[in-house]
Amino acid sequence: MNLDLLPPKHSAARSRSPLVKPPLPLLTTCGSSCTQVISASELTDEILTDWDVIRASWPGYRSPFFSHQYLQAVARHCEGIQVALVKNSGRVVAILPFQRLSRRRARPAGAGVNDAHGILALPNSAVSPCDLLRAAGLSSYAFHAAPEQNLGVAEHKLGVVRSFLADLKGDPQGYDHYLLKNSYTVSRQPQKTRRMIRELGPLKFDFDCYDASLLEYLIRLKCEQYSRTHNFQILGVPWIGAMMLDLLCQRDSTVRGVLSVMLCGQQPVAMHFGMAEGDLLHYWFPVYNLKYSVMSPGTQLFLEVCRAATDRGYSAIDMGFGEQDYKVKLTNVVSQMNYGIITSSALRRIAHQSCLAFKSYWRNSPLKGYIKPVIRKLRPNFGGNQY
């Protein structure tokens, strides 16, 4: 079986990140509290237990991206992942997983593929976000998908973005029934699926596929999609493909990768790789074969995932932040994620805000469709610093 999960010309070796890796800061104490920065490999069973207790204290930490299992999967393949711990009387009361951008600037662990992040803290822990950063040897922490009410968000956010979730328990007849009844686009899917079956063969669906070669195929299809749309090939980053395989192999872990495959005849027509924990499935990397796009295999895939997820006891499918059309039409719960930067420096905040304003202008520019292909041709790795 071929386990090379990356496009040609990429190595599956551990990412040699250009990020600065200074020596870990010494233990910083203040009264009965202390702040310590450790690498992900130094997390002890006691710390992991405290981590689970903190996550259980607030529903906003429900996403598997807040789990130590996700952090450890990233750290096994990407360098520079660290954890700042605030302890009070020996007990961990706040946690900040991060990755250094430079000696004093940090971003979420896993950066551009991390759909939920921020400081984890016990209620009423009285932790100051800026003091935490200062004790960890950091001057700023930029975030792009922090839940509302997360520690430090209210005073440091610069804006909000919508996040989408499918509540599978919303219709007693099943979420697929809800979509077929309430979405005109989805209501036409049975006709398209019948055509797909006539032309390609019987439909088969595997919700939890273990085949690494099919994960490789998903990554290749996704990279082809990025190329067509002149976007940076996220899944061409070596550590990301390696992390996905790592998560797929975590069969007995409470947080694990889930590969779903829909075939017509013998041909995989649509696939999805996500991350599951408890009764929540995070819908992460869906893709379909472009040859069959007229039959909307991606929509049928999601209907199959909903049915299978419901049968297996999942209560929700989280699609995360972002305004993609498919998220809007396939979900029934909309919330908000926040973006901004935790820093005590007004100049750094203004600089970050200016950078975000430029990116927003670029995304909405009428010239984007003309300039983007040229930039991608001249600089194929443009935008890769986010990963």
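1. Observations concerning the overall build of the chain
Along its length, the chain carries 13 helices and 14 strands. Here the C-alpha radius of gyration of the chain, 21 Å, is about what a compact globule of 387 residues would show, namely 21 Å. On the principal axes, the C-alpha backbone points of the chain span a range of 70 × 50 × 40 Å. For the chain, buried positions account for 53% of its 387 residues. Of the contacts formed within the chain by residues at least 6 apart in sequence, a portion of 73% connects residues at least 24 apart. As displayed, the chain offers around 18,100 Å² of accessible surface, 54% of which is attributable to carbon and sulfur atoms. For the chain, the separation between the mean place of its 44 positive charges and that of its 29 negative charges on side chains is 10 Å.

2. Description of the pattern of salt bridges
Applying the stated criterion across every chain yields a total of 13 salt bridges. Residue Asp131 is joined to Arg134 by a salt bridge in which the shortest nitrogen-to-oxygen separation is 3.0 Å. Placement of the pair is Asp131 and Arg134 together in helix α3 (residues 129-135), with a separation of 3 residues, close to one helical turn. A relative accessible area of 48% places Arg134 in the partly exposed class. Of the charged contacts, one joins Arg307 and Asp176 as a salt bridge, the two residues approaching to 2.6 Å between their closest N and O atoms. Here the residue Arg307 occupies a position in helix α10 (residues 297-311), and Asp176 occupies one in helix α5 (residues 175-182), the gap between them amounting to 131 residues. Assessed through its relative accessible area of 30%, Arg307 is described here as partly exposed. We classify Asp176 as buried; its relative accessible area is 15%. Several salt bridges converge on common partners, so that one network encompasses Asp176, Glu304 and Arg307.

3. Focus: the packing of α5 against α10
Where α5 meets α10, the closest approach of the two axes is 8 Å, and the angle between their N-to-C directions is 145°. Facing α5, whose interface residues are Tyr175, Asp176 and Leu179, α10 presents Phe302, Leu303, Cys306 and Arg307. Across the contact of α5 with α10, the residue classes break down as 5 nonpolar, no polar and 2 charged.

4. Focus on α10
Here α10 is 15 residues long and its end C-alpha atoms lie 21 Å apart, about the 21 Å a rise of 1.5 Å per residue gives. Most of α10 is tucked away: 11 of the 15 residues are buried. Within the span of α10, buried status applies to Pro297, Thr299, Gln300, Leu301, Phe302, Leu303, Glu304, Val305, Cys306, Ala308 and Ala309. Backbone geometry just after α10 places Gly313 at a positive phi near 95°.

5. Focus on the confidence of the model for the chain
Per-residue pLDDT for the chain has a mean of 90; in total, 92% of the residues score no lower than 70. Mean pLDDT values for the elements of the chain range from 59 in strand β1 (residues 28-30) up to 98 in helix α1 (residues 45-56). Here residues 1-13 is modelled with pLDDT under 50, and outside its nearest four sequence neighbours on either side it reaches 34 contacts, counting other chains as well.

6. Concerning the packing of aromatic side chains
Using the criterion set out here, one finds 10 aromatic pairs in the structure. Ring geometry for Tyr175 and Tyr178: centres 5.3 Å apart, planes at 25°, overall stacked. With Tyr175 and Tyr178 both in helix α5 and 3 residues apart, the pair spans about one turn of that helix. Residue Tyr178 is classed as partly exposed on the basis of its relative accessible area, which comes to 24%.

7. Considerations on unusual backbone geometry
Of note, the phi angle at Ser89 is positive, near 55°, even though the residue is not glycine. Judged by relative accessible area, Ser89 falls into the exposed class, the value being 64%. Here Asn124, not a glycine, exhibits a phi torsion of approximately 60°, which is positive. Within the secondary structure, Asn124 sits in the loop between β6 (120-121) and α3.

8. Regarding the pairing of strand β12 (residues 280-288)
In terms of residue burial, β12 counts as a mostly covered element, since 8 of its 9 residues are buried. Counted along the chain from strand β11 (residues 267-277) to the antiparallel partner β12, the turn is 2 residues long, and its residue Gly278 has a positive phi close to 60°. Strand direction decides the pairing type here: β12 and strand β13 (residues 316-321), joined by 3 bridges, are parallel. If you follow His282 over to β13, its bridge partner there is Asp318. Regarding topology, α10 serves as the crossover connection from β12 to the parallel β13, and that connection is right-handed.

9. Looking at the nonpolar core
Of all hydrophobic cores here, the largest spans 81 residues; its most connected members are Leu235, Ile240, Met243, Met244, Leu259, Phe273 and Trp284. A total of 8 residues in this core trace back to one element, the largest contributor, which is helix α8 (residues 212-228). By size, the runner-up hydrophobic cluster in this structure holds 29 residues, among which are Tyr175, Met196, Tyr283 and Ile317.

10. Let's talk about helix α9 (residues 238-248)
Taken across its 11 residues, α9 has 10 buried, putting it largely inside the fold. Of the positions making up α9, those classed as buried are Trp239, Ile240, Gly241, Ala242, Met243, Met244, Leu245, Asp246, Leu247 and Leu248. Those residues of α9 hidden inside the fold are in contact with α2 (68-75), β9 (203-209), α8, β10 (255-264), β11 and β12.

11. Re empty space enclosed by the protein
Think of a ball as big as a water molecule: rolled over the atoms, this probe shows where empty space is left. Under the definition given, this model contains 1 cavity of 30 Å³ or more. Reported here for the largest cavity is a volume of approximately 90 Å³. What lines the largest cavity is a set of 15 residues, among which Phe65, Pro97, Ala109, Asn114 and His117 lie closest to the centre. Classifying every residue of the lining of the largest cavity by side-chain character gives 11 nonpolar, 4 polar and no charged.

12. A look at a positive patch on the surface
Together, Arg103, Arg104, Arg105 and Arg348 make up a positively charged patch on the protein surface. Mapped onto the elements, Arg105 comes out in strand β5 (residues 105-107).

Calculation notes
- Residues numbered from 1 in each chain as written.
- Predicted model: local features only at pLDDT ≥ 70, side-chain atom pairs only at ≥ 80, totals over all residues.
- Heavy atoms only, no water.
- Helix = DSSP H or I, 4+ residues; strand = E, 2+ residues; numbered from the N terminus.
- Rg over C-alpha atoms; globule rule 2.2 N^0.38 Å.
- Buried < 20%, exposed > 50% of the residue type's maximum accessible area, 1.4 Å probe, protein only.
- Contact = heavy atoms within 4.5 Å.
- Areas by Shrake-Rupley, 256 points an atom, 1.4 Å probe, with all protein chains shown as cover.
- Lys, Arg positive; Asp, Glu negative; His and termini not counted.
- Charge placed at Lys NZ, Arg CZ, Asp CG, Glu CD.
- Salt bridge = Lys/Arg side-chain N within 4 Å of Asp/Glu carboxyl O.
- Axes fitted to C-alpha atoms, helices over the stretch in contact; angles between N-to-C directions.
- Nonpolar A, V, L, I, M, F, W, Y, C, P; charged D, E, K, R; others polar.
- Expected span 1.5 Å × (residues − 1).
- pLDDT = per-residue confidence, 0-100.
- Phe/Tyr/Trp six-rings, centres within 6.5 Å; stacked < 30°, edge-to-face > 60°.
- Pairing = 2+ DSSP bridges.
- Right-handed = clockwise from strand over helix to strand, strands pointing away.
- Core = buried A, V, L, I, M, F, W, Y, C linked by side-chain atoms within 4.5 Å.
- 1 Å grid on protein atoms, 1.4 Å probe; cavity = no way out; pocket = protein on both sides within 12 Å on 5 of 7 lines; lining within 4 Å.
- Points joined across faces, edges and corners; volume = space filled by probe spheres on them.
- Patch = residues over 30% accessible without salt bridge, like charges linked within 9 Å, V, L, I, M, F, W, Y side chains within 5 Å.

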